[in-house]
Amino acid sequence: MRHYSVSELLSKDIAFPEVEVKGWVRTFRANRFIALNDGSTLNNIQCVVDFENFDEALLKRVTTGAAIHITGELVESQGKGQKVEIQVKTLEVLGDSDPEEYPIQPKKHSFEFLRENAHLRTRTNTFSAVMRLRSALSYAVHKYFNEHGFYYMHAPIITGSDAEGAGEMFKVTSLDVNNLPKNGSDKVDYSKDFFGKETNLTVSGQLEAETYAMSLGKVYTFGPTFRAENSNTSRHLAEFWMIEPEVAFMDLAGNMDLAEDFLKFVIKYVLDNNRDDLEFLDKRQQDEDKKKPQAERSDMTLIEKLKFITDNHFKRVSYTEAIDILRNSKPNKKKKFKYIVNDWGCDLQSEHERFLVEKHFKCPVIIFDYPANIKAFYMRLNDDGKTVRAMDILFPGIGEIVGGAQREERLEVLKQKMAALNIPEDELWWYLDLRKYGTAIHSGFGLGFERLVMFVTGMCNIRDVIPFPRTPQNAEF
Ligand code: 4AD
Ligand code: MG
């Protein structure tokens with residue numbers, strides 16, 4: 001007898017005399033119909049029990065959440081909505097689940113409640129769909145870069161530098177192994193660090209990726225990054241995953257082309273390969289939408305939104321042009337934007353970004369050539385002396401999804417920029433070496449993976465697209 005996943009069984013349309021399946025009970029109806037799910041697919045397989053043939057005490061243990069093992073015959077289903085079902089021959093309860101205590105009842109739970117039960121929330125349709133999509137997107141990321149000649153580089157998690165120069169780092173502290181007490185009475189000097197210098201968890205793998213781009217040509221990183229920014233929003237995590245390609249001999253225009261092509265590819269990948277989960281989340285979102293007042297409802301379904309991305313050009317506009325548009329716009333009929341009108345050089349706020357993407361252009365927007373003073377030290381200074389070759393990609397409903405730049409490849413200019421920001425040269429001597437030995441123009445960007453998963457799944461809170469979210473005052477699991 002062969003063991004099948006529920007997904008394999010549901011894709012069969014012929015009868016099989018003997019099959020075997022294991023999973024968790026979603027519901028057990030009328031002492032007869034078990035809806036069984038094993039995570040392989042959104043759908044449950046119906047397992048039909050002839051209760052006369054089974055011990056009553058055993059059937060009592062078939063409760064929501066219990067793990068069971070079933071053997072039986074795969075037959076054409078009499079019920080609606082499924083082609084096949086299992087006529088149960090043997091039934092074994094592998095792990096009981098007390099129905100009085102099990103938190104995931106067969107009903108709609110709030111996302112807040114499920115966040116408190118993050119260890120069990122993937123037993124619901126919504127979270128299993130989200131996490132299968134997260135997995136598929138991650139595969140698509142590797143597939144894209146592999147098919148385009150990139151090498152996957154593992155950037156270090158513990159670093160001695162602040163890649164973004166924003167000072168939002170988690171410090172790494174440790175016991176110095178060379179300084180352990182010898183006879184138990186000596187005090188340990190905890191302040192002396194393991195590495196002999198201050199270190200932190202990485203905020204970005206970019207600087208290290210640049211070193212590899214300047215030898216392997218085309219590389220990307222895809223790993224966890226950490227930011228101690230105290231922003232409790234629906235778009236920020238203290239630990240998030242970032243994808244950072246870096247390419248030698250590529251300028252800012254090439255960087256924009258790469259980012260656009262890459263985003264379209266990964267979104268098309270899930271449209272082509274994860275239809276069930278997307279359709280489920282799409283329907284869910286439409287149901288939620290119906291509860292909202294007309295003005296707040298979205299004008300596209302989730303799948304339409306994804307197709308819109310793959311089928312349309314992203315609008316490219318300079319920061320200066322964007323400011324002009326904002327200056328001349330009235331977001332709410334009468335009033336203009338409060339500031340921005342006078343202030344070339346200030347950063348765009350999320351209300352500005354939303355206006356540009358959702359009201360003005362009504363498509364994804366790439367803003368480039370930002371003022372140097374609001375961007376990181378490593379960005380290539382333009383000839384005007386006041387803007388840098390930066391680019392941010394803004395998505396509807398998400399805001400900034402990608403941040404990138406052409407890098408400053410000129411040693412002297414880079415040194416001047418670092419000096420102006422009090423970044424010591426001896427901290428980044430290796431980074432400066434790249435500009436000493438065979439420097440060349442190069443560019444790259446960072447895509448916040450969770451923001452991509454939010455966009456693709458339609459989830460509104462970033463805490464709901466990562467298994468165990470880390471946010472201020474929250475690291476329960
Ligand atoms: O714009 P950021 O800070 O850029 C960098 O880190 C560059 N070193 C990337 C590069 O050029 N290689 O971050 C890049 C992206 C943002 O656009 C956003 O999508 C995401 O990372 N991001 C966050 N996502 C979740 N939580 C946070 N706290 C995030 N901070 C940035
Ligand atoms: Mg940014």
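Values in this document were obtained by computation on a predicted structure and should not be read as measured data.

About the cut-offs
Every chain is numbered on its own, with residues counted from 1 as its sequence reads. Here chains are named by letter from A upward and ligands by number from 1 upward, in the order in which they appear as written. Local features in this predicted model are restricted to residues of pLDDT 70 or higher, and side-chain atom pairs are both shown and tallied only at a pLDDT of 80 or more, whereas totals for entire chains, interfaces and linings draw on every residue. Strands are runs of DSSP state E lasting at least 2 residues, helices are runs of H or I lasting at least 4, and numbering of each runs from the N terminus. Buried means a residue has 20 or more other C-beta atoms within 10 Å of its own C-beta, exposed means 12 or fewer, and partly exposed covers the counts in between; C-beta atoms are placed from the backbone. The contact criterion used here is simple: two residues whose C-beta atoms, placed from the backbone, lie within 7 Å are in contact. For our purposes the nonpolar core covers buried Ala, Val, Leu, Ile, Met, Phe, Trp, Tyr and Cys residues that link as a set through C-beta atoms within 7 Å. A pair of strands counts as paired when DSSP detects no fewer than two bridges linking them. Axes here refer to lines fitted to C-alpha atoms; in helices the fit is confined to the stretch in contact. Angles between the N-to-C directions go from 0 to 180 degrees. By convention here, the C-beta atom is placed from the backbone, and a residue is near a molecule or strand when that atom is within 6 Å of it. Here the term charged refers only to Asp, Glu, Lys and Arg, the term nonpolar to Ala, Val, Leu, Ile, Met, Phe, Trp, Tyr, Cys and Pro, and the term polar to all other amino acids, Gly among them. Any angle that falls under 35 degrees is termed roughly parallel, while one over 145 is termed roughly antiparallel, one within 65 to 115 roughly perpendicular, and all others oblique. A clockwise turn of the near helix away from the far one marks a right-handed crossing, whereas an anticlockwise turn of less than a right angle marks a left-handed crossing. Start and end positions for the domains come from either an automated domain assignment or a database one.

So, the overall build of the protein chain
And step 1. Tallying secondary structure elements over the protein chain gives 13 helices and 17 strands in all.
And step 2. Taken over 477 residues, the protein chain has a buried fraction of 37%.
And step 3. Within the protein chain, contacts between residues at least 6 apart in sequence are counted, and of these 68% link residues at least 24 apart.

Regarding the nonpolar core
And step 1. Core analysis: the biggest nonpolar cluster contains 89 residues, and L137, M391, I393 and V456 have the highest contact counts within it.
And step 2. If sequence neighbours within four positions are ignored, M391 has contacts with L252, N255, M256, I366, I367, F368, G404 and A405.
And step 3. Listed in part, the 22 residues of the second largest apolar core include W24, I34, I45 and V88.

Structural notes on the sheet that holds strand β12 (residues 239-248)
Strand pairing in a sheet takes place through backbone hydrogen bonds and is either antiparallel or parallel in direction.
And step 1. On the basis of which strands lie adjacent, the open sheet formed by 8 strands has the order β7-β11-β12-β17-β16-β15-β14-β13 and mixed pairing. Strand pairing shows two members of the sheet lacking a second neighbour, β7 (151-152) and β13 (315-318), which therefore form its edges.
And step 2. Sheet analysis places strand β11 (residues 218-226) next to β12, joined by 9 bridges and oriented antiparallel. Residue pairing for β12: G223 is matched across the bridge by M242.
And step 3. Along the sheet face, helix α5 (residues 206-216) touches β7, β11, β12 and β17 (442-448) and points at about 30° away from the line of β12.

Thoughts on the site of ligand 1
And step 1. Inspection of the region around ligand 1 gives 23 residues, with S204, Q206, G403, G446 and G448 positioned closest.
And step 2. Listed by contribution, the elements that provide at least two residues to the shell around ligand 1 are β12, β16 (399-406), β17 and α13 (449-457).
And step 3. Looking at the shell around ligand 1 residue by residue, the class counts come to 8 nonpolar, 8 polar and 7 charged.

A closer look at the sheet that holds strand β9 (residues 171-172)
And step 1. Sheet architecture is open: 3 strands sit in the order β8-β10-β9, paired in antiparallel fashion. The outermost strands of the open sheet, each flanked by one partner alone, are β8 (158-159) and β9.
And step 2. In terms of strand pairing, β8 meets strand β10 (residues 199-201) through 2 bridges, oriented antiparallel. In the sheet register, I158 faces β10, and the bridge partner there is L201.

Points about the pairing of strand β6 (residues 84-95)
And step 1. The pairing of strand β4 (residues 45-48) with β6 spans 2 bridges and is classified as parallel. Bridging across to β6, C47 finds its partner in I86.
And step 2. Two elements, strand β5 (residues 67-76) and β6, share 10 bridges in a ladder whose sense is antiparallel. Bridge assignment links I70 to a residue of β6, and that residue is L91.

Some details on the packing of helix α4 (residues 125-147) against helix α7 (residues 275-290)
How two helices pack is summed up by the angle between their axes together with the distance between the axes.
And step 1. Contact geometry of α4 with α7 gives a least axis separation of 9 Å together with a crossing angle of 130°. With respect to their mutual orientation, α4 and α7 come out oblique. Crossing of α4 over α7 shows left-handed handedness. Taken together, the residues of α7 that come into contact with α4 (itself represented by N125, T126, A129, R132 and L133) are D277, F280, L281 and R284.

Notes on the domain arrangement of the protein chain
And step 1. On domain assignment, one finds that the protein chain holds domain 1 (2-102) and domain 2 (125-168 + 203-464).
And step 2. Spacing between the C-alpha centres of domain 1 and domain 2 amounts to 44 Å.

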